[in-house]
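The lines below spell out each chain.
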Amino acid sequence: MIPARNDGTLRIGGLALRDHWFDVPLDHGAPDGETIRVYAREVASASSVDDENMPWLVFFQGGPGGKSPRPTGATGWIGRAVEDFRVLLLDQRGTGRSTPITARTILTRGGVPEQAAYLSHFRADSIVADAELIRRTLMGDRPWSILGQSFGGFCSLTYLSLAPDHLSAAYITGGLGPIQNSADDVYRVTYGHVREKNAAFHAAYPQARDTLEAVADLLRKGDVRLPDGSPLSVQRLQTLGMAFGSRIGTPPIHYLFEEAFADGPGGRELSETFLHGVQAQVSYAGRPLFAVLHEPCYAQGAATRWAAHRLRPPDFDPDAAPLLFTGEMIYPWMFEEDPALTPFAEAAELLAERSDWPALYDVGQLRRNEVPVAAALYTDDMYVDAGFSEVTAREVRGARVWKTNAYEHDGLRETDNVLDRLIRMVRGEL
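Everything quoted here is computed from the prediction, not taken from an experiment. Per chain, residues are indexed from 1 in the order of the written sequence. Residues qualify for local features only when their pLDDT is at least 70, as the model is predicted, and side-chain atom pairs are given and counted only at 80 or more; totals for whole chains, interfaces and linings, by contrast, use all residues. Excluded from the side-chain calculations are hydrogens and water; all other atoms, namely the structure's heavy atoms, are used.

### Side note on the overall build of the chain
Where helices and strands are cited, they refer to DSSP runs of H or I of at least four residues and of E of at least two residues respectively, numbered from the N terminus. The helix and strand tally for the chain stands at 17 helices and eleven strands. Each radius of gyration is computed over the set of C-alpha atoms, and the globule rule expresses the reference value as 2.2 Å times the number of residues to the power 0.38. The C-alpha radius of gyration of the chain comes to 22 Å, within 12% of the 22 Å expected for a compact globule of 430 residues. When its C-alpha atoms are laid out on the principal axes, the chain stretches across 65 × 45 × 45 Å. Residue burial is assigned from relative accessible area. The probe radius is 1.4 Å, only protein chains are included, and a residue is buried under 20% of its type maximum, exposed over 50%, and partly exposed in between. In the chain, which comprises 430 residues, the share counted as buried stands at 57%.

### So, the state of the cysteines
Two cysteine sulfurs form a disulfide in these notes if their separation is within 2.5 Å. Across all of its chains, the model carries zero disulfides by this definition. Looking at the unpaired Cys155, the closest cysteine sulfur is the one in Cys297, lying at 8.8 Å.

### Quick look at the sheet that holds strand β3 (residues 35-45)
By this definition, two strands are paired if DSSP reports at least two bridges between them. Pairing within the open sheet is mixed, and its nine strands lie in the order β1-β2-β3-β5-β4-β6-β7-β10-β11. Across the chains shown, the open sheet's two edge strands, defined by having one partner strand only, are β1 (10-12) and β11 (400-404). Each adjacent strand pair in this sheet contributes to an overall mean axis angle of 25°, direction not counted. With six bridges connecting them, strand β6 (residues 144-149) and strand β7 (residues 167-173) associate as parallel partners. Lines fitted to the C-alpha atoms define the axes, with helices restricted to the stretch that makes contact. Angles between their N-to-C directions range from 0 to 180 degrees.

### Focus: the nonpolar core
Here, nonpolar core refers to any group of buried Ala, Val, Leu, Ile, Met, Phe, Trp, Tyr and Cys residues whose side-chain atoms link them within 4.5 Å. Counting 113 residues, the largest nonpolar core has Trp144, Phe274 and Phe335 as its most contacted members. Sorting elements by how many residues they give to this core places helix α3 (residues 124-139) first, with seven residues. Residue contacts are counted whenever heavy atoms from the two residues lie within 4.5 Å of one another. Residues in contact with Phe274, not counting those within four places in the same chain, are Val215, Leu237, Leu256, Phe257, Glu259 and Ala260. Ranked by size, the runner-up nonpolar core spans 26 residues in total, among them Phe85, Leu89, Leu412 and Leu419.

### Concerning the pattern of salt bridges
Any Lys or Arg side-chain nitrogen found within 4 Å of a carboxyl oxygen on Asp or Glu counts as a salt bridge. This model, assessed by the stated rule, comprises 31 salt bridges. Among the salt bridges present, the one from Arg427 reaches Asp84, with a minimum N-O distance of 2.9 Å. Here Asp84 lies in the loop between α1 (76-81) and β5 (86-90) and Arg427 lies in helix α17 (residues 417-427), a separation of 343 residues in the sequence. Accessibility expressed as a relative area gives 45% for Arg427, which makes it partly exposed. When the shortest N-O distance is used, the salt bridge between Asp420 and Arg424 registers 3.0 Å. Taken together, the residues Asp420 and Arg424, both in helix α17 and four residues apart, mark about one turn of the helix. Assessed through its relative accessible area of 28%, Arg424 is described here as partly exposed. Three or more residues are tied together by salt bridges with common partners; here these are Arg80, Glu83, Asp84, Asp420, Arg424, Arg427 and Glu429.

### A short note on the side chain of Glu132
Mapped onto the secondary structure, Glu132 falls in helix α3. A relative accessible area of 7% means that Glu132 is categorised as buried. In protein, a polar contact means a hydrogen-donor-capable atom and an acceptor-capable atom, both N or O and within 3.5 Å, with residues adjacent in sequence counting only if both atoms are side-chain atoms; elsewhere, any N or O pair within 3.5 Å suffices. Within the structure, the side chain of Glu132 is placed 2.7 Å from the side chain of Arg135, a separation counted as a polar contact. Among all residues touching Glu132, those that are not within four sequence positions of it are Tyr159, Ala163 and His166.

### Notes on the packing of helix α2 (residues 112-119) against helix α13 (residues 345-353)
As a packed pair, α2 and α13 sit with axes 8 Å apart at the nearest point and diverge in direction by 60°. When the axis of α2 is compared with that of α13, the two are oblique. Crossing geometry of α2 relative to α13 is assigned as right-handed. Between α2 and α13, the contacting residues are Val112, Pro113, Gln115, Ala116 and Leu119 on the first element and Glu346, Ala347, Leu350 and Leu351 on the second. Residue polarity is assigned by list, with Asp, Glu, Lys and Arg as charged and Ala, Val, Leu, Ile, Met, Phe, Trp, Tyr, Cys and Pro as nonpolar; anything else, Gly included, falls into the polar class. Classifying every residue of the contact of α2 with α13 gives seven nonpolar, one polar and one charged. Reported orientations rely on four angle classes, namely roughly parallel under 35 degrees, roughly antiparallel over 145, roughly perpendicular from 65 to 115, and oblique for the rest. Crossings are classed by handedness, with left-handed meaning an anticlockwise turn of the near helix from the far one by less than a right angle and right-handed meaning a clockwise turn.

### Comments concerning the pairing of β7
By the criterion of burial, β7 is predominantly enclosed, with six of the seven residues buried. Handedness of the crossover joining β6 and β7 through helix α4 (residues 151-162) is recorded here as right-handed. Sheet topology note: the β7/strand β10 (residues 373-378) ladder contains four bridges and is parallel. Residue pairing in the sheet places Ala170 in a bridge with Val373 of β10. Convention used here: a crossover is right-handed provided that the path from the first strand, over the helix, to the second strand proceeds clockwise when the strands point away from the viewer.

### Side note on α13
Side chains three or four residues apart in an α-helix point the same way, a direct result of the helix having 3.6 residues per turn. Of the residues making up α13, those classed as buried are Ala347, Ala348, Leu351 and Ala352. Buried residues of α13, viewed axially, fall in a sector of 145°; they line one side. Directions pointing from the helix axis toward each C-beta atom define the arc.

### Re the environment of Ser168
Within the secondary structure layout, Ser168 lies in strand β7. As a C-alpha pair, Ser168 and Pro55 span 113 residues in sequence and 9.4 Å in three-dimensional space. Excluding anything up to four places from it in sequence, Ser168 contacts Pro143, Trp144, Ser145, Val371 and Pro372.

### Quick notes on the packing of helix α8 (residues 250-258) against helix α9 (residues 272-282)
Their axes nearest at 9 Å, the elements α8 and α9 cross at an angle of 150°. It follows that α8 is roughly antiparallel to α9 by the angle criterion. Contact residues: Ile253, Leu256 and Phe257 in α8; Thr273, Phe274, Gly277, Val278 and Gln281 in α9. Among the residues forming the contact of α8 with α9, the class breakdown is five nonpolar, three polar and no charged.

### Some thoughts on unusual backbone geometry
With an omega of 5°, the peptide bond between Gly63 and Pro64 qualifies as cis. Between Ala321 and the following residue, Pro322, the backbone shows a cis peptide bond with an omega angle of -5°. Tracing the backbone shows Pro322 in the loop between α11 (307-310) and α12 (334-337). A positive phi angle, close to 40°, is found at Thr99, a residue other than glycine. Position of Thr99 among the secondary structure elements: in the loop between β5 and α2.

By themselves, these figures tell us nothing about what the structure is for.
The structure is reproduced here in structure tokens:
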């Protein structure tokens with residue numbers, strides 16, 4: 001049992017946790033209209049929880065569509081952060097406990113046009129507007145600092161564009177996103193990175209090649225179903241490569257293929273262990289917004305029109321030999337094969353064709369930036385192209401960038417060293 005204080009504070013592993021709930025407009029452009037509920041968890045060191053002078057740091061999670069971490073103790077980057085800050089772990093709208101969007105809840109939003117209109121309010125600009133309302137509620141006119149990981153870094157750049165006067169500092173990890181590039185630009189580049197990660201995977205685990213091809217051959221011959229009843233096609237199998245952008249995510253794919261086959265009543269077949277493991281990797285049941293809004297998070301004044309699908313190179317075809325894994329790409333067929341995404345299919349099609357997306361960044365404001373910014377730029381990042389990141393860094397006046405190949409996209413989760421270095425960069429210690 002987790003002990004609780006009378007004021008609702010929970011104490012876990014040297015941390016003190018408090019819940020916060022906020023009613024925010026669904027559409028910040030129509031503040032008197034429908035509202036949704038946003039949840040955030042305040043995290044402080046147990047020894048400093050009552051220190052009202054402790055500055056705030058709000059965390060923007062990666063995604064889109066990812067909920068904030070659930071801390072279990074004062075370790076990792078959270079343990080480092082609470083040495084200097086009172087941390088706010090924000091469940092971004094539509095995720096976690098913040099009016100979550102699921103395959104069931106989207107069906108309550110009326111017809112397909114209404115569903116698409118609703119989903120359009122869950123991008124970075126709305127997330128930043130939520131954060132500003134929360135900041136004013138918690139702190140009045142005082143500024144706070146922000147930490148953005150991956151898509152959270154995109155949100156940080158939006159914050160620096162829209163409300164820089166309310167920020168003390170911005171820390172960005174793997175999230176110096178392309179602020180003036182289209183989804184087409186992104187996928188033209190990132191397919192090359194995924195190709196390199198395929199080569200690295202098979203160089204590290206050469207025995208996986210034959211198993212991968214054997215599994216693919218079996219899938220081509222018959223109707224194979226995952227435990228939830230959905231089909232396991234070759235193209236769906238290929239999406240396991242999503243994990244290759246994370247150094248701690250790649251080995252589990254190797255171990256998964258180690259146990260791909262078992263002897264069954266009819267002979268050699270895919271093992272239950274393998275099928276359950278694949279389902280855990282490829283299902284979007286826990287994060288449908290990632291699939292629905294992944295390409296729209298790049299959209300500014302133009303339609304994405306399923307960019308990853310249109311630009312998919314021939315060597316990534318499901319019938320190509322050797323078979324390649326894909327990466328952080330969303331394809332329209334996913335909304336047919338994944339039961340967690342099927343209810344979103346028609347609305348996602350409307351979003352893919354939408355051409356009047358508002359701007360997410362103010363390049364002029366970024367060029368005038370006065371907020372201290374420190375960013376970790378991972379040169380081997382499969383998800384966020386280092387070249388685009390360098391261009392973005394040059395557009396943000398005064399941004400200090402640490403370029404490193406010591407970590408991949410998940411460096412913040414791997415160690416507390418990344419955040420520690422960025423904090424010292426802002427302080428001028430490095």
